[in-house]
Amino acid sequence: MLYHSTRSDMAFVDSAQAVLEGLAPDGGLYMPAQLPAFDWKACLQGSSLDMATDILSALLPDIPDMPNLVKKAYTGKFETEDLTPTGSVGDFHVLELFRGPTSAFKDVALSMLPQLLTAAKTAKGMQEDILILTATSGDTGKAALEGFHDVPGVRICVFYPHGGVSQVQRAQMVTQEGNNVAVCAVRGNFDDAQTGVKNIFAACRDKALPFSLSSANSINIGRLAPQVMYYFRAYRDLMDAGKISLGDEVNFSVPTGNFGDILAGYLAKLLGLPVGKLICASNANNVLTDFITTGTYDKRRPLLKTTSPSMDILVSSNLERLLYLLSGDTALVASLMKQLNTEGVYTVPADLLAKIQAEFCCGFCDDKKADEVMGRVYQELGYLCDPHTAAGWAAAEEYTAATGDQRPMVVLSTASPYKFPVAVLTAIGGDTSGDEFQQMERLSAMTGVAIPKNLSGLQGKEEKHTGVIDKDKMLDYVLNL
Ligand SMILES: *Cc1c(COP(=O)(O)O)cnc(C)c1O
């Protein structure tokens, strides 16, 4: 199947090449020239692994042996066999995406991406190793390390801001085992680490290196495509619970950062799944709320630090894919992205905004509101959720109150409450003293909700990666790996 850049439809690559390259040479993101015909009703019949196989075979047909790759990616790695369970909480349904090996929703995609990359590498006869370079604000780094450790032909290097991730997140990364992993703290903030990684890509472009560089971020279609599965899974779970009949439309509220998760929901809809509205939930960094409301995307504002750090982002890369899908106009997308780069702002034409608003709604929630929601959902409904999920819940409530839309609402839950114990304890009236491990214990004693084993097991584990470097030493670090 042919893929091209969102910024030009002159050059084509197949789906295996798109996964290997990550980003198109013109800086755009790879998209299929045409979406495949898809039997969505048949897809709903299978297990989660069958669903993943059907969807990935359709979107990435040039990567062979998909059933086997899916089995290797997921078998025995998640808490539940269905990978992403959905349960009813009050008037809503919660799709839990955090039951994977690192308790982050990124596990769904980052368990699969290494399989896709290595199979694409074989399919293309590529000899040299791939080095995955990742800057992380906390969650992506560990999920990528877990996915890529000890994968033959691939190495992975993760940079995180020194003092800029939680104690638990740091412990997750610095205790990582595996012969092909490197983890290093950078003196600076997340933006410094991210800029450093981009500079390494630029500096290495013309160098003859013993490896080729790639990325584990959701700009890679191989990271995005595996996320389509859980929309089908949730839909099927609602059918099995007697909440809907085949063909009924379902709304989804999605805590959003880079726009990858919610875009996967839109791809599910394009593949035929009866998706109603997709609700884009932000935190106080509400660039997307403004955009979906007005059509103007304006990143010229300070990045706020919130209790939902994985959504602290001003440039949502995958929005570019939506602009392409709804306009079909690569020249328009190229021009908008150029404006964003040079001026920090762009406005979409009125007809494109109308198309976006027909599919998407939006809402945002500051830390105070997230605190209120976490407390209320726990006290009234007995459900413990994290601050990212609280943003999704708040947007879903606001949408339902404003529209009276009666269609079932699924709120995507993107992190375990145990990854953010201070915010969660504060919300439910608990004592927040002590270190994060003591806080986790207290949260568990208060609520009876079990601590995920991968998190409780971190305490006392050997720290293998304790390096800290200046941000201008990142390239040297990579060249010396
Ligand atoms: C990454 C992440 C998000 C945002 O997902 P996008 O695909 O970037 O929109 C939301 N919540 C959590 C906990 C995350 O780790």
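Residues numbered from 1 in each chain as written. Predicted model: local features only at pLDDT ≥ 70, side-chain atom pairs only at ≥ 80, totals over all residues. Heavy atoms only, no water.

**Student:** Before we move on, can you summarise the pairing of strand β8 (residues 181-187) with the specific residues and values?
**Tutor:** Of all the seven residues making up β8, six are buried; the element is thus mostly covered by neighbouring parts of the structure. Alignment of strand β7 (residues 154-161) against β8, held across six bridges, turns out to be parallel. Paired with Pro161 across the strands is Val186, a residue of β8. The handedness of the β7 to β8 crossover, carried by helix α7 (residues 167-174), is right-handed. Two elements, β8 and strand β16 (residues 468-470), share three bridges in a ladder whose sense is parallel. Across the sheet, Val186 pairs through a bridge with Ile469, a residue of β16. (Buried < 20%, exposed > 50% of the residue type's maximum accessible area, 1.4 Å probe, protein only. Helix = DSSP H or I, 4+ residues; strand = E, 2+ residues; numbered from the N terminus. Pairing = 2+ DSSP bridges. Right-handed = clockwise from strand over helix to strand, strands pointing away.)

**Student:** Give a detailed account of the sheet that holds β16, specifying residues and quantitative values.
**Tutor:** The strand order across the open sheet built from five strands is β9-β6-β7-β8-β16, with neighbouring strands paired in parallel fashion. Here the strands that pair on one side only, and so sit at the sheet edges, are β9 (211-215) and β16. When strand polarity is set aside, the average angle formed by the axes of neighbouring strands in this sheet is 30°. Those strands touched by helix α6 (residues 139-148) are β6 (129-135), β7 and β8, and its axis lies near 165° from that of β7. (Axes fitted to C-alpha atoms, helices over the stretch in contact; angles between N-to-C directions. Contact = heavy atoms within 4.5 Å.)

**Student:** How would you explain the pattern of salt bridges if you had to name every residue and give the values?
**Tutor:** Pairing of side chains with opposite charge becomes possible as their charged atoms draw close. In total, this model carries 23 salt bridges according to the counting rule given. One salt bridge connects Glu463 with Arg170, and the closest N-O pair in it is separated by 3.0 Å. Of this pair, Glu463 sits in the loop between α20 (453-456) and β16 while Arg170 sits in helix α7; the two residues are 293 residues apart in sequence, bridging distant segments of the chain. In this structure Arg170 comes out as partly exposed when scored by relative accessible area, which is 28%. Two residues, Arg301 and Asp290, come together in a salt bridge whose shortest N-O distance is 3.0 Å. With a gap of eleven residues between them, Arg301 in the loop between β12 (296-298) and α13 (319-327) and Asp290 in helix α12 (residues 287-294) connect regions that are remote in the sequence. Within this structure, Lys369, Glu372, Arg376 and Glu397 form a network of salt bridges that share partners. (Salt bridge = Lys/Arg side-chain N within 4 Å of Asp/Glu carboxyl O.)

**Student:** Could you give me a rundown of the packing of aromatic side chains, with the residues and numbers involved?
**Tutor:** Under the defined criterion, the tally for this structure stands at eleven aromatic pairs. Seen from their ring centres, Tyr230 and Tyr231 are 5.4 Å apart, and the 35° between their planes marks the pair as tilted. The residues Tyr230 and Tyr231 share a single accessibility class, namely buried. Through successive ring pairs, a cluster of aromatic residues spans Tyr230, Tyr231 and Phe252. (Phe/Tyr/Trp six-rings, centres within 6.5 Å; stacked < 30°, edge-to-face > 60°.)

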